[in-house]
Amino acid sequence: AAEAAAKDLSTASKTEALAVQTDVTNTESVQAMVAMAKDVFGRVDALVNSAALDPKFDPKESKKHTHDFKGYPLDAWQRSLDVDLTGAFLCAQAVALMMKEQGSGVIVNISSIYGVVGPDQRLYEKDDGSKGYKPPSYSATKAALDGFTRYLAVYFAGTNIRVNTLTLGGVFNNHDEQFLKRYNARVPMGRMMKLEEVGGPLLFLVSDASSYMTGANLVVDGGWTSW
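Residues numbered from 1 in each chain as written. Predicted model: local features only at pLDDT ≥ 70, side-chain atom pairs only at ≥ 80, totals over all residues. Heavy atoms only, no water.

## Thoughts on the packing of aromatic side chains
Point 1. Applying the stated criterion across every chain yields a total of 6 aromatic pairs.
Point 2. Aromatic side chains Tyr183 and Trp224 sit 4.6 Å apart centroid to centroid with 25° between the ring planes, which places their arrangement in the stacked category. Placement of the pair is Tyr183 in helix α6 (residues 177-186) and Trp224 in the segment after β4 (217-220), with a sequence separation of 41 residues.
Point 3. Within the aromatic cluster, the residues linked to one another by ring pairs are Tyr114, Tyr124, Phe179, Tyr183 and Trp224.
Point 4. Across the ring face of Tyr138, the terminal group of Lys134 is positioned such that the distance to the ring centre comes to 4.3 Å.
Point 5. The positively charged end of Arg186 is found above the aromatic ring belonging to Trp224, 4.3 Å away from the centroid. (Phe/Tyr/Trp six-rings, centres within 6.5 Å; stacked < 30°, edge-to-face > 60°. Helix = DSSP H or I, 4+ residues; strand = E, 2+ residues; numbered from the N terminus. Lys NZ or Arg CZ within 6 Å of the ring centre and 35° of its normal.)

## Examining the nonpolar core
Point 1. In this structure, Leu47, Val95, Met99, Ile107 and Phe156 are the most contacted members of the largest nonpolar core, which totals 22 residues.
Point 2. Looking at this core, the elements that each hand over two or more residues are α2 (27-41), α4 (74-102), α5 (136-155) and β3 (161-168).
Point 3. Tallying contributions element by element places α4 first for this core, with 9 residues.
Point 4. Not counting chain neighbours up to four residues away, the residues in contact with Leu47 comprise Cys91, Ala92, Val95, Met99, Val106, Ile107 and Val108.
Point 5. Core analysis: the next-biggest nonpolar cluster, separate from the first, contains 11 residues, Ile113, Tyr124, Met192 and Trp224 among them. (Core = buried A, V, L, I, M, F, W, Y, C linked by side-chain atoms within 4.5 Å. Buried < 20%, exposed > 50% of the residue type's maximum accessible area, 1.4 Å probe, protein only. Contact = heavy atoms within 4.5 Å.)

## With respect to the packing of α2 against α4
Point 1. Remark: α2 packs on α4, axes separated minimally by 9 Å, with the N-to-C direction vectors making an angle of 40°. Here α4 runs oblique to α2, going by the angle between their axes. Note on packing geometry: the crossing formed by α2 with α4 is right-handed. Contacts between α2 and α4 pair Thr27, Val30, Met33, Val34 and Lys38 from the former with Leu90, Cys91, Ala94, Val95 and Met98 from the latter.
Point 2. Split by residue class, the contact of α2 with α4 holds 8 nonpolar, 1 polar and 1 charged. (Axes fitted to C-alpha atoms, helices over the stretch in contact; angles between N-to-C directions. Parallel < 35°, antiparallel > 145°, perpendicular 65-115°, else oblique. Left-handed = near helix turned anticlockwise from the far one by under 90°. Nonpolar A, V, L, I, M, F, W, Y, C, P; charged D, E, K, R; others polar.)

## Here's the deal with the environment of Ile161
Point 1. Looking at the secondary structure, you find Ile161 in strand β3.
Point 2. For Ile161, a relative accessible area of 4% corresponds to the buried category.
Point 3. Sequence separation of Ile161 and Thr141 is 20 residues, and the distance between their C-alpha atoms is 23 Å.
Point 4. Those residues within four positions of Ile161 in sequence are excluded, and the remaining contacts are Ala96, Met99, Lys100, Ser104, Gly105, Phe156 and Thr214.

## Concerning the sheet that holds β3
Point 1. Here 4 strands make up an open sheet; going across it, the order is β1-β2-β3-β4 and the pairing parallel. The outermost strands of the open sheet, each flanked by one partner alone, are β1 (46-49) and β4. Neighbour-to-neighbour, the strand axes of this sheet turn through a mean angle of 20°, independent of strand direction.
Point 2. In this structure, strand β2 (residues 105-112) lies alongside β3, joined through 8 bridges in parallel fashion. Bridge assignment links Asn109 to a residue of β3, and that residue is Thr165.
Point 3. Against the sheet, α4 contacts β1, β2 and β3, and its axis sits at roughly 175° relative to β1.
Point 4. On the sheet, helix α7 (residues 199-206) packs against β1, β2, β3 and β4 and is oriented at approximately 165° with respect to β3. (Pairing = 2+ DSSP bridges.)

## Description of the pattern of salt bridges
Point 1. Per the counting criterion, the structure on display carries 9 salt bridges.
Point 2. Lys126 serves as the salt-bridge partner of Asp176, at 3.2 Å between the closest nitrogen and oxygen. Taken together, the residues span a long stretch of sequence, with Asp176 in the loop between β3 and α6 and Lys126 in the loop between β2 and α5 at a distance of 50 residues.
Point 3. When its relative accessible area of 34% is taken as the criterion, Asp176 is described as partly exposed.
Point 4. Residue Lys126 is classed as partly exposed on the basis of its relative accessible area of 36%.
Point 5. In this structure, a network of salt bridges that share partners links the residues Asp120, Arg122 and Arg186. (Salt bridge = Lys/Arg side-chain N within 4 Å of Asp/Glu carboxyl O.)

## As for the environment of Thr149
Point 1. The topology assignment puts Thr149 in helix α5.
Point 2. What makes Thr149 buried here is its relative accessible area of 0%.
Point 3. With sequence-adjacent residues up to four places away left out, Thr149 is seen in contact with Asn109, Val163, Asn164, Thr165, Gly215 and Ala216.
Point 4. A distance of 2.7 Å separates the side chain of Thr149 from the side chain of Thr165, its partner in a polar contact. (Polar contact = N/O pair within 3.5 Å; in protein donor to acceptor, adjacent residues only side chain to side chain.)

Printed below as a string of C-alpha cells:
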C-alpha cells in the first residue's frame with residue numbers, strides 16, 4: 001500500500017517519493033529508514049509521527065476482547081505503548097542528530113481528541129445491546145504524545161527545530177451507520193473529518209507558515225472539544 005501511495009505521489013507531484021517498510025518499535029529498523037531517506041534525499045526536513053494501533057480496524061484483535069478497561073489485557077496495553085508512543089520516541093531520536101546538523105527541522109506528533117478529553121463510550125454501543133469500548137491505551141498514548149511534544153520543543157530550544165502536536169477528530173473511514181449517526185450528533189459541525197482535510201493543517205505545521213509555533217497543540221476536530 002505504501003509503495004502504491006508513493007507511486008501515485010510521484011506521478012502527481014512529478015517528484016520522487018520513497019516507501020520504506022519499517023517497524024517503528026525496532027531501533028534498527030527505524031534507523032535504517034532514516035538512513036535510506038538521507039541516502040535518497042540528502043536530508044530530512046520533517047518527521048510526522050502517525051503510526052498507531054486502532055483495534056476496530058483489526059478484526060482478529062477485536063474478536064479477542066471488547067477493550068473494556070476491567071478486562072483489558074496487559075499485552076494489548078503494551079503493544080499500543082510500543083507502537084503509539086515508543087515508536088514516536090524512536091523516530092524522533094533517529095532524526096534528531098541529522099536535523100541538528102542541518103540547523104533546522106520539524107517534528108509533528110499526531111494525536112487525537114481522546115488525548116484531550118475522555119472517550120464517549122456510548123458511541124461504541126450497538127443497537128442490539130452489544131458494547132465495544134475505545135481502549136484505555138489509546139487515550140493514554142495520545143495524551144502522552146502531547147507531553148512528549150512539549151518536552152522536545154524545549155529540548156530543541158535555540159536549534160531551529162520545531163515540534164508540535166496535531167490533534168485530530170474522527171476521520172471518516174467507512175464507519176458503520178450506527179457509529180456515524182452518534183458521532184455526527186456530537187460534533188458542532190455535524191460530521192466526521194474527511195481524509196483530505198488532514199493535509200491542510202499538517203502542511204501548515206511542517207511549513208514556514210507556522211514558523212513561530214513550537215510546543216503547541218493544533219486541534220482540528222470540528223468543534224468536538226468545544227462542547
